[in-house]
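Examining the three-dimensional arrangement
As a plain string of letters, each chain reads:
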Amino acid sequence: MPESHVAAGSASLPSARRAASGLPAPSFLRERLKYAIIRAGLEASALFRTHALLPGLGGRGVIFTLHHVAPAERRRFRPNAGLTVTPGFLEQAVLAARECGLVPVHLHELPALLADPADRRRFVVFTLDDGYRDNAAFAAPVFRRHAVPYTIFLTGGFVERQRTIWWETAAALLERASAIILDFGAGPERVETATLAQKRAAFARLEALVGAIDEDEAVARIDQAARRAGVDPMAIVDQLVMGESEIRALAEDPLAHFGAHTLSHVNLRRVGAERLRCEVEGSARAVARYAGRRARSFAYPYGWARAAGAREAQAVREAGFPVAVTTRPGVLSADCLRQPALLPRVSLNGHFQAKRHVKALISGLPLALARG
Ligand SMILES: [Zn+2]
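Below you will find a few notes about this structure. Starting from 1, residues in each chain are numbered consecutively following that chain's sequence as written. Only residues with pLDDT of at least 70 are given local features in this predicted model, and only at 80 or more are side-chain atom pairs given and counted; all residues enter the totals for whole chains, interfaces and linings. As a rule here, side-chain values cover all heavy atoms of the structure and leave hydrogens and water aside.

**Brief notes about the environment of G243**
Assignment of secondary structure puts G243 in the loop between α11 (233–240) and α12 (244–250). On the basis of relative accessible area, G243 is assigned to the buried category, the value being 11%. Between the alpha carbons of G243 and V159 there is a distance of 5.2 Å; along the sequence they are 84 residues apart. In what follows, residue pairs with any heavy atoms lying within 4.5 Å of each other are defined as contacts. Discounting residues that sit within four places of it in the chain, G243 has contacts with R133, V159 and R161. The helix and strand labels rest on DSSP assignments: H or I over at least four residues marks a helix, E over at least two residues marks a strand, and numbering proceeds from the N terminus. Note on exposure labels: buried denotes an accessible area under 20% of the residue type's maximum, exposed denotes more than 50%, and partly exposed covers the range between, all computed with a 1.4 Å probe on protein chains only.

**Some points on the packing of helix α8 (residues 166–176) against helix α10 (residues 215–228)**
To get an axis, a line is fitted to the C-alpha atoms, and for a helix only the part in contact is used. The angle between two axes follows their N-to-C directions and goes from 0 to 180 degrees. Direction vectors running N to C along α8 and α10 enclose 25 degrees, while the axes themselves pass 10 Å from each other. One element, α8, and the other, α10, form an angle in the roughly parallel class. As for the relative orientation of α8 and α10, their crossing is left-handed in sense. On α10, the residues that touch W166, T169, A170 and L173 of α8 are E215, V219, I222, D223, A225 and A226. The classification used treats Ala, Val, Leu, Ile, Met, Phe, Trp, Tyr, Cys and Pro as nonpolar, Asp, Glu, Lys and Arg as charged, and all other residues, Gly among them, as polar. Residue classes in the contact of α8 with α10 are distributed as 7 nonpolar, 1 polar and 2 charged. Between 65 and 115 degrees an angle is taken as roughly perpendicular, under 35 as roughly parallel, over 145 as roughly antiparallel, and anywhere else as oblique. Should the near helix be turned anticlockwise from the far one by less than a right angle, the crossing is termed left-handed; should it be turned clockwise, right-handed.

**Focus on the coordination of the zinc ion**
Bound to the zinc ion are the protein donor atoms D130 (OD), H261 (NE2) and H265 (NE2), situated 2.1 to 2.2 Å from the metal. In terms of primary sequence, the donors binding the zinc ion are separated according to D-x130-H-x3-H. Here D130, found in the loop between β7 (122–129) and α6 (133–145), pairs with H265, found in the loop between β11 (256–260) and α13 (273–291); they are 135 residues apart in sequence, far enough to count as distant. Here D130 falls in the buried class, since its relative accessible area comes to 1%. With a relative accessible area of 2%, H265 lands in the buried category. Donors, by definition, are the N, O and S atoms found within 2.8 Å of a metal, the threshold being 3.2 Å for Na, K and Ca, and water is not counted, so a site can look incomplete.

**Here's the deal with the pairing of β7**
Of all the 8 residues making up β7, 8 are buried; the element is thus mostly covered by neighbouring parts of the structure. Residues R122, V124, F126 and L128 point to one face of β7 and F123, V125, T127 and D129 to the other, with burial holding for every one of them. With 3 bridges connecting them, strand β6 (residues 102–104) and β7 associate as parallel partners. Looking across to β7, one finds that V103 is bridged to F123. When DSSP finds two or more bridges between a pair of strands, those strands are recorded as paired.

Here you go:
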């Protein structure tokens, strides 16, 4: 998440939350600027119906990233709001893709489909990261109703309740606390978190901490601060993430596929070679155990360029995954086949929940604008 996460919303999108998927955004100002560009691009493309006028920009289709799919919440402090879309919006996204002529397929089928010179169809792939329980409750029924295949990426440590989800912990902690004490690098520091602005600023600092120091250590410090405030970080995982029996039940649906998303959701570019291998191969074995089927795809935690590069792609190939996805924004093209272990994705973001936004994203124009 952080990119996704934080990124949540944008991570998938141009950049916005690069941090999200895990990581912290470079700065509030830059993030806001990027956000403005994305919004302008989305609205402009929606207005001009680019998907009809410029079909070439959209390439061969798109892989969508989702996280939570759940009814809207009314809480004021929702730093991860970009990571949640409603079931109604997901249904609109499915309909938008179909109206744009995209054919829904499984992620692991993509390389063969794109490589077939006789097949000129455009495709849409739905992926959901982190294995949230709401995927089974609210997303699966939508996919079933429309016969759309989908892939859910599981993190072994979440499924087995051995790793906490720092961005969810941070949100719960800051919502409850009026002040926290945490070591940001200069010893224990008291940070006021009473007002909405203070909570948002503190979340940004925690996100930055995760990106700045050893990720395991940062997660441990956030967990510790949460426990001091009466928030149980593992109870949050238990509440949000599917356990093994739920995964096994959902795996009986032929539309559902389970891919791997590491063991601890750590930024893979920041760990050593041995940890990298364990995270990738260990999660492949874990997913096969939970779902009773081999994982045929992989998603990099966070997924942006600073979390997934050539070394990580090689580890994924060596572990036997034919395809892997990043959160680098982009539509599909024949060029993607040169790097099937680093495919781009487009985030369906909680901040842009309208059918016209989905059609704009499918057009490829907002992504082209944001890069430019
Ligand atoms: Zn993730």
